[in-house]
Amino acid sequence: ETGVTQSPTHLIKTRGQQVTLRCSSQSGHNTVSWYQQALGQGPQFIFQYYREEENGRGNFPPRFSGLQFPNYSSELNVNALELDDSALYLCASSLSTANYGYTFGSGTRLTVV
Amino acid sequence: DQQVKQNSPSLSVQEGRISILNCDYTNSMFDYFLWYKKYPAEGPTFLISISSIKDKNEDGRFTVFLNKSAKHLSLHIVPSQPGDSAVYFCAAEYNNNDMRFGAGTRLTVKP
């Protein structure tokens, strides 16, 4: 079985720009969550999608938005990038909304300059 | 608001000895606790979990203990092996979708 794949692996953007990060879930997984991990910190929950619907959101502004597609792949979109958005963005998928079955991707390292 | 705290950023133990990683939480609504392990350039890997209705869960060399009254959990690894060297994240969740992570503890197991 394939795991969770994220693209791109690294990205540099300018403040004010928009970015789209992509995630392919593990085969058979219908739930995907996105996390932001700043340097020296643990991952912070952004939001979760279950069967194409948002199923919970963390403390992130509306300029962080997402999509889940019928094949359960997902996108994270961030508008009006700020310097503090520089972080590792992790995608995790699971067979259900239960977190103990989550499989994480290797992440996308976003740098905002 | 740091609801899950790992106060030790690093821990070093000798191969064969016990590693004990600690985690404290503040939110009594958490109903599930997890430990993840992360190697460089990889995403976190689920290691072991425990429901809030239990106080111990064991899986091979890994045991997680939960003390609800103290809002504390710990991960014991025995015997520790050099391949266990990684960053370990404690996580807690409620409502099945909002998982909070600690900042991580870097474990180094010396041969």
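Located above this text is the structure these notes cover.
These numbers come from a predicted model, not from an experiment.

Participant: What am I meant to see in the layout of surface pockets here?
Facilitator: Rolling a probe over the atoms, with the probe sized like a water molecule, indicates the empty space that remains. Quantified by volume, the largest pocket comes out at close to 550 Å³. Along the wall of the largest pocket there are 25 residues; nearest its centre are A:Gln37, A:Leu88, A:Arg109, B:Lys38 and B:Pro40. Going through the elements one at a time, strand E9 (86-94) and strand E11 (105-110) of chain B are the ones with two or more residues in the lining of the largest pocket. Looking at the lining of the largest pocket element by element, the count peaks at three residues for E9(B). Its residues assigned to classes, the lining of the largest pocket comprises 11 nonpolar, 10 polar and four charged.

Participant: So what exactly am I meant to see when it comes to the sheet that holds strand E3 (residues 19-24) of chain A here?
Facilitator: Where strands meet in a sheet, backbone hydrogen bonds hold them as pairs that are either parallel or antiparallel. Residue and element names in this part refer to chain A. The sheet built from four strands is open, its strands ordered E1-E3-E8-E7 with antiparallel pairing. The open sheet has two edge strands with one neighbour each: strand E1 (5-7) and strand E7 (64-68). The sheet shows a mean angle of 20° between the axes of neighbouring strands, direction not considered.

Participant: How should the interface of chain A and chain B be read in this particular structure?
Facilitator: Accessible area lost on assembly of the parts is the figure often given for the size of an interface. The interface of chain A with chain B comprises 20 residues on the first partner and 19 residues on the second. For the chain A and chain B pair, buried surface summed over both sides reaches about 1500 Å², with 56% attributable to carbon and sulfur atoms. At the boundary of chain A and chain B, one finds zero salt bridges. Scanning the region where chain A abuts chain B turns up one residue pair in polar contact (both at pLDDT 80 or more). Grouping the constituent residues of the side of chain A that touches chain B by class yields nine nonpolar, 11 polar and no charged.

The rules behind the values
- Residues numbered from 1 in each chain as written.
- Chains lettered and ligands numbered in written order.
- Predicted model: local features only at pLDDT ≥ 70, side-chain atom pairs only at ≥ 80, totals over all residues.
- Heavy atoms only, no water.
- 1 Å grid on protein atoms, 1.4 Å probe; cavity = no way out; pocket = protein on both sides within 12 Å on 5 of 7 lines; lining within 4 Å.
- Points joined across faces, edges and corners; volume = space filled by probe spheres on them.
- Helix = DSSP H or I, 4+ residues; strand = E, 2+ residues; numbered from the N terminus.
- Nonpolar A, V, L, I, M, F, W, Y, C, P; charged D, E, K, R; others polar.
- Pairing = 2+ DSSP bridges.
- Axes fitted to C-alpha atoms, helices over the stretch in contact; angles between N-to-C directions.
- Contact = heavy atoms within 4.5 Å.
- Buried area = accessible area lost by both parts, 1.4 Å probe.
- Salt bridge = Lys/Arg side-chain N within 4 Å of Asp/Glu carboxyl O.
- Polar contact = N/O pair within 3.5 Å; in protein donor to acceptor, adjacent residues only side chain to side chain.

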